[in-house]
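Structure assessment
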Amino acid sequence: MRAQDDDKPYDDINITPMLDLAYVLLVIFIIMTTASVQGIKVNLPKASAAVSMAKPQTKAITVSETGQIYLDAYPVTLAELEDRLRSLKALNPDFPVVVKGDSTVQYQKVMDILDLLRRVDLPQVGLVTGKAPKD
């Protein structure tokens with residue numbers, strides 16, 4: 001004979017298995033993340049001078065408001081800039097270059113740098129501008 005409770009509809013949701021699954025997945029993700037980051041420290045062999053598969057680093061040439069030229073963050077003269085760009089081109093012939101000129105700098109300074117980039121034969125050149133003010 002059935003008890004009276006058996007006829008009552010089941011209205012409780014048991015979320016314990018779902019929480020157990022969530023905790024197991026959390027532990028698995030934590031273990032996998034830490035396992036992929038950790039490793040044994042070794043002295044890696046030096047590679048040959050073959051072409052690297054890594055993306056080239058972009059070099060930034062900046063002309064300040066005073067007319068000072070910077071390669072990345074280092075001040076250089078126009079002759080030093082040409083020498084450094086030629087040595088960088090010898091290592092990686094197709095690295096991109098961006099030119100940033102202050103809005104108050106003489107236009108001729110930026111033109112000199114663009115002419116130098118043409119002489120060094122660096123075709124990937126970009127000019128950096130600021131965002132236009134919203135009206």
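For the structure, check the block above.
Here's what I pulled together on the structure shown here. (Residues numbered from 1 in each chain as written. Predicted model: local features only at pLDDT ≥ 70, side-chain atom pairs only at ≥ 80, totals over all residues. Heavy atoms only, no water.)

1. A few points about the layout of surface pockets
Think of a ball as big as a water molecule: rolled over the atoms, this probe shows where empty space is left. Put simply, the second largest pocket is a space of about 180 Å³. As for the second largest pocket, its lining consists of Val99, Lys100, Gly101, Asp102, Ser103, Val105, Gln106, Tyr107, Val110, Leu127 and Val128. Secondary structure elements with two or more residues in the lining of the second largest pocket: β4 (97-101) and α3 (107-120). With three residues, the single largest contributor to the lining of the second largest pocket is β4. Residue classes in the lining of the second largest pocket are distributed as six nonpolar, three polar and two charged. (1 Å grid on protein atoms, 1.4 Å probe; cavity = no way out; pocket = protein on both sides within 12 Å on 5 of 7 lines; lining within 4 Å. Points joined across faces, edges and corners; volume = space filled by probe spheres on them. Helix = DSSP H or I, 4+ residues; strand = E, 2+ residues; numbered from the N terminus. Nonpolar A, V, L, I, M, F, W, Y, C, P; charged D, E, K, R; others polar.)

2. Brief notes about helix α2 (residues 78-91)
Compared with an ideal rise of 1.5 Å per residue, which puts 14 residues at 20 Å, α2 spans 20 Å between its outermost C-alpha atoms and is within 8% of the ideal. Of all the positions in α2, only Leu81, Glu82 and Leu85 are classed as buried. Each buried residue of α2 sits inside an arc of 100° when the element is viewed along its axis, so together they form one side. Along α2, the residues that are exposed and aim more than 90 degrees away from the buried face are Asp83, Ala90 and Leu91. Buried positions along α2 lie against β1 (59-63), β2 (69-71), β3 (74-76) and α3. (Expected span 1.5 Å × (residues − 1). Buried < 20%, exposed > 50% of the residue type's maximum accessible area, 1.4 Å probe, protein only. Arc of directions from axis to C-beta. Contact = heavy atoms within 4.5 Å.)

3. Some details on the sheet that holds β3
One open sheet accounts for five strands, arranged β3-β2-β1-β4-β5; its pairing is mixed. Edge strands, defined here as strands with exactly one partner in the open sheet, are β3 and β5 (125-127). Strand after strand, the sheet turns through a mean of 25° between neighbouring axes, direction not considered. Alignment of β4 against β5, held across three bridges, turns out to be parallel. The residue bridging Val99 from the neighbouring strand is Leu127, located in β5. Sheet strands in contact with α3 are β1, β2, β4 and β5, and its direction is about 170° off that of β4. (Pairing = 2+ DSSP bridges. Axes fitted to C-alpha atoms, helices over the stretch in contact; angles between N-to-C directions.)

Geometric descriptors of this kind do not, in isolation, establish any biological role.
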